[in-house]
Amino acid sequence: MVTLKVNGKEISVADGTLILDAAKEAGFVIPTFCYQAELSSLGSCRMCIIEIGGQKKLQPACITPVLQDMEISTETEQVEDARASMLEFLLSNHALDCPVCDKAGECELQDMVHKHGPRKGRFAEMRETFHVKDYPLSPVIVKNSNRCVQCMRCVRVCKEVVGRGVLGTIGRGAHQEETSFLKGELDCDHCGMCIEVCPVGCFMRRPYRYKSRPWDLNSTKTVCQYCATGCITKIEERDGEVIRSIASKDTEGFNGRMLCSRGRFGHDFLNNEERLTTPLLRVNGTLEPVSWDKALDVIKDKLKKSQPDRVGAVASARLTNEELYMLQKVMREGVGSSNVDASSRWSAGDSEAFIAATAIDGAGLSIDNCMEADTIFVVGSHISDENPVTDYMVRYLSASRRKTVMVASVRPMKLDRSAQITARHMPGRLGAFLAGVTLKLYEENKTKLSGVKGVKSLDGLSIDKLSKASGVAPGDIEAIAKKLSSSQSVSIMAGTDMIRLGDGTGGLCLLSDILKTLDKRVFVLPLLDRSNQRGAWDMGAHPNFGPGYSELKGDTGLDCGAMLEKASKGEMDLLYVIGDDILAMYPDRAFAEGAIEKVGFLVVQDIFLSDTGKVADLVLPGASFVEKTGTVTNQEGRVQPIKPLRKPLGKAREDLNIIADIGSMISKNGSFTGDITAETVMEDIKKDVPMYGDVECDEQGCRGFLIGGVARRSLKCISVGEEDTTELKENKKYPYYLVTGNHLFGSGTLTGSSSMLRKLIKEPTIEMCIEEAKSSGLTDGDMVTVESDGGNGKYRLQTRKKSSSKVVFIAENFNEGSVNRLYKIGERVPRVSVNKGA
Amino acid sequence: MLTDKTLEEIERIKKKYPNTKSACMEALQAAQREKGHVTECDMRAVAEALDIEPVEVQEVGGFYTMYNVEKPKGRHHVQVCRNLSCSLLGAEHIILAIEQELGIKTGETTEDDRITLSTAECLGSCGTAPMMQINDEFHEDLTVDKVSDILKGLK
C-alpha cells in the first residue's frame, strides 16, 4: 500500500495505482480524453495533467503511478490553465459544427470546454479538413474525421477489446486520421464500439443520424436479451419509436460501455410493424382477431377436456424468471403435469448433464473472478459469435492481467488470435478430446488421482486413440495438459455446443475433479446463448426438476422432443408455446411439422407471428422486454432487473399476466388469483428457490447479484466412459459434417425482424474451409446447394481460414433456409454435401 | 499483386522477427522495391502474408516518408530534409534553389514528369546536413551549386 495526499486529503491505495484512480478514490475527478479503463495507456491527450509536489512540470495522471508520500494537486490555477490550453489546442482543428453534430449534448469535448474553457481560441492557422462530406464505414457506422481529437480510443478498442483491429491511424501530426483501410467499407463485427468510445462526433450511428437530441429521448436501463452475457443497456425511445440502445458511462453495468452489434443495433425489431397486437383464433382455417375473454375461454374449455399428461408447455429462455416460475407452477400445480421445457433445441438429458458439469445448480461466478485464474480454457463454445461481450472481456482482461487463454472448438473464431493454444476438434468429439487431456494428467499423477471418482473410466483409452477420434494432434493434447498442470488456478468456460451436440460434459466433470484433486482452484463458467437460460433452469422450467433443482414430487415430465413425439402419435391435447419457434428450431423440421400438425390444440404466445404461430389454433400477443417488468439471470448467475419503457402494444399483455390468468382459470385452490405482479412472484421465488433468497431488487437494480448458496440436489455427472470416443466414419455421398450455432448478427426471430441487422446479414450463409472450397471448385460468394438425408437448402458460401477441412457451419437461426430442415431426429452432426449452383 | 520472388522474400523476412507484425516495415520495403511505390493490392498482399489487417500496413506506409503509398508522378522523387540540423545549415535555401531551378513548388512535379519535389522530416543524416534523398539515394553536405549539378544529372 502507498499513502499519498490528493489536494491535501490523505489516502492509501495499492501499489501501482494510477494517480487518476487514486484521485477518484479521494473524490476528485480528473478530466480525460484518451484514457479508457479497458484500454492500454496512451497518455497522448494531456487533458489529465496534474501537479505533483516537488516536480516542476505537470504530469499526466492516467499513466503515472502513485509513489509513497506524493502530494498531488488537481485543482490549482496552473492545472486549470493547462487544461484550458490543451482544449484550445484540440479545438484549433475541431470542426465546431455542434449544431449539426449527432453527438452534441453528450459530447465529452463540449462538456469539457464548457467546464474548463477556453472561451476564445488564438490559433490563426487554417483548420485541417480531411473531407467535405461524412463517409460511411459500414451499414451502421458513419465517419466525420474533421471532429477527431486523435485520442485513438477507437483504434485501441477495435484492437484490444473487440479483437478486430480494422481501424488504424493513418498519417501523422495534425494530418493523422483514424479510419479504415483506404477509408473503405469495414468488414468487421459492426459492433459500434468505436462509436461508443468516441468522445466526439467522429464515429456515429447511421440509424440514429439526425434523428434526435439525447435530451429528447426517454430511456430505461434494462438487460439486453440477445445472449446470456446479460449486458446492461439503456434502450431509448422518442415518440413511441425505439431509437437506439446504448451502454454508456452512466449505465453502470458490469459490461461498462461494451455491447455487440446485436445489442447495439438490433433493437429496432421493437418498432417492427408486424408485432402482434391482438389475440388471434383459428376460425375455419384462418386466424381471426378475437377478444381476450374469448381467447381465455377457449383455453379454459380445451384444458378442461385434456388429460394432464397430454398437456405441455414450451417456453423461450428469454422470458423473465417470474414468468418461467409462474409457467412451471401453473403446469405442475394447476394442470398437474411436468411437461414443461425451456428449449426446443436441446433434450432434457443433455441440458441436465450440462447443468451438472458446469455446476449451474451451485453458486454463481462472475466473469471477472473467472479471469483471475492463471489459465482460461474455453471449450464447446463459439464465444466470439454467441457471447460477443464475454469474448471482449476474455480478450482484454487476459491481455491486461497477462493470463493464458486456451481454446478448443470445432470452428475457428476471433478469440483464437488472443489464445496461446488453439485446438480444433471434430464435431461431437469434445468428449474424446477432454478425455485425452484428463488421461494425460492422470498418467502423470496416477498415485494422487487414483481415488478420483470416475477416473477408472479412462482405463482402456489411449492418447493415440483419443487423438485420432477427436482430430487433435497428440502434441496439442499434451501441451494443453501441461499448461493446466502448471497453473495454480484454472477457469473453464463451457459453451452451448456441449448441449447441442450432447458432448463433453463427462470429460468436463472429470477434468474439473482431477484439477481440484491436484490442488488447483477451478472455476467453471457456463456460456449460454439465451438471455435467461440459467434463470429458466433455476426456476424449474425443465421436465426433470422443479424450482431450485428440487426433486419432483410426482413423475418427471416430457421435454420438447418427447412432447413432439407424443404429439406425432396424436396424444397431445394441448401445447402451449411461449416465445419459442419450434418449427424453426427443433432439429428436424419435417418431423416437427408433422408432429405440430397433430397437436390437439396449439396455443402460441409471442410478439411476432412465428412459423409455429402461423399454424397455431390460438395466438396470444405477449410483450417484449421493454414492455414488462421482471428479472433475468445471466450465465454468471447475476440476477438483473428489466424495466419497462412503454406499455404493451395494442391489446398485447405482459406474459406474466396471461400465464397467471390461465392459472387462475384452472386452479383448484385459488392459488393464482389475487394481485399477481413481478414483485409478488419474486417473493414466492425467494421462498422456493434457495439461491434467490438474498436477492433484493429495487429502482436501482438488484443486489445480492450473484446467486449464492448450494442447491438442494446436486445433479449427477455422466462419466467419460459414456462419451463417444470412436473415430468419425467417412461418408462418400455426404462428405461434410454440419455444425450449427448462433451467428454474430443473428439469433432468431428478433434479429430477423431488425432491419439494421438484416443489412449486416442479408441471406443465409454456409461457412467452409478456404482450402477445401478451392479444391472443390468453389469460391467465396458462390450460391451453393446443401443436401443431407433430411433435406436440402440454398446458401451463400463464405470461406474461412484455419477451419477444419471437413466441417461446414450454418447458423441455426436463419428464418429462411432454416438449418433444422437438414437434420434428422436424433442426429447430432448431420452429414451433408455442398454443391455449386442454386 | 506482388511477384512470387517478393513473397518469398517476405517469408524470409518474417523469420527474423519475434512476431509477424514487426516484419511489416521490412516487408513493405521489399514490396516497394518492385515498382518504386506500393499499391492497394500490395498492401493487402503484405497484410495477407503477415496475417495482419491491411490497415496496419497502411499505418506503417502512411507514417514514414520512405514509403510511397501514392505513386509520385515524377520519375525521380526528390525529398529534401527540413528538420532541425538541415534547417540550421540552410535547407531553406536548398529548397528554394531547387524550386527555382525546376520552376515548380514543393509538392509539384515538373511538366515533363522528370522530377517530383517534396520535403521530409529527419532522414537520419544530421551529421552531413543539409541533405536530400533522391529515390533510394542520399545526397549529403549539399550546397546550392552541388544541388544544381545533381538535378542536371537526373534523366
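All figures in this text were calculated on a predicted structure; none of them were measured in a lab.

The next subject is the sheet that holds strand E7 (residues 141-143) of chain A. All names here are of chain A. Strand order in the open sheet formed by three strands is E6-E7-E10, and the pairing between neighbours is antiparallel. Whereas interior strands pair on both sides, the edge strands pair on one side only; in this sheet they are strand E6 (135-136) and strand E10 (203-205). Pairing geometry for E7 and E10, over three bridges, is antiparallel. The residue bridging valine 142 from the neighbouring strand is methionine 204, located in E10.

All names here are of chain A. Segmenting chain A into domains produces domain 1 (2-75), domain 2 (280-343 + 532-694), domain 3 (351-527) and domain 4 (729-836). Distance from the C-alpha centre of domain 2 to the C-alpha centre of domain 4: 31 Å. Of the residues lining the interface, 14 residues belong to domain 2; the matching set on domain 4 comes to 13 residues. In this structure, the connection of domain 2 to domain 4 is made through zero salt bridges. Our count for the domain 2 to domain 4 interface comes out at seven residue pairs in polar contact (both at pLDDT 80 or more). Contributions of two or more residues to the side of domain 2 that touches domain 4 are made by helix H21 (582-585) and helix H22 (589-597). Per element, the largest residue contribution to the side of domain 2 that touches domain 4 is four residues, and it comes from H21.

An α-helical turn contains 3.6 residues, so any two residues separated by three or four positions project in the same direction. Residues and elements named next belong to chain A. Over its twelve residues, helix H24 (residues 655-666) runs 17 Å from end to end, which matches the ideal 16 Å to within 8%, given 1.5 Å per residue. Burial analysis of H24 places nine of its twelve residues in the buried class, which makes it a mostly covered element. Considered for burial, the residues of H24 that qualify are Asp655, Leu656, Ile658, Ile659, Ala660, Ile662, Gly663, Met665 and Ile666. Buried residues in H24 make contact with helix H7 (292-305), helix H8 (321-335), strand E23 (574-578), strand E24 (601-606), strand E25 (618-621) and helix H25 (678-688).

This paragraph deals with the interface of chain B and chain A. Each side of the interface is counted separately: chain B has 18 residues, and chain A has 18 residues. Buried area between chain B and chain A, summed over both chains or domains, comes out near 1500 Å², and the portion from carbon and sulfur atoms is 51%. Of all residues in chain B, B:Val55, B:Gln58 and B:Glu59 bury the most surface against chain A, accounting for 36% of the area lost on that side. Along the contact surface separating chain B from chain A lie four salt bridges. We note a salt bridge from A:Lys801 to B:Glu48, for which the minimum N-O separation is 3.4 Å. The interface formed by chain B and chain A holds six residue pairs in polar contact (both at pLDDT 80 or more) in total. Those elements that provide at least two residues to the side of chain B that touches chain A are helix H3 (40-50) and helix H4 (54-63) of chain B. Classifying every residue of the side of chain B that touches chain A gives six nonpolar, three polar and nine charged.

What counts as what
- Residues numbered from 1 in each chain as written.
- Chains lettered and ligands numbered in written order.
- Predicted model: local features only at pLDDT ≥ 70, side-chain atom pairs only at ≥ 80, totals over all residues.
- Heavy atoms only, no water.
- Pairing = 2+ DSSP bridges.
- Helix = DSSP H or I, 4+ residues; strand = E, 2+ residues; numbered from the N terminus.
- Domains from an automatic or database assignment.
- Contact = heavy atoms within 4.5 Å.
- Salt bridge = Lys/Arg side-chain N within 4 Å of Asp/Glu carboxyl O.
- Polar contact = N/O pair within 3.5 Å; in protein donor to acceptor, adjacent residues only side chain to side chain.
- Expected span 1.5 Å × (residues − 1).
- Buried < 20%, exposed > 50% of the residue type's maximum accessible area, 1.4 Å probe, protein only.
- Buried area = accessible area lost by both parts, 1.4 Å probe.
- Nonpolar A, V, L, I, M, F, W, Y, C, P; charged D, E, K, R; others polar.

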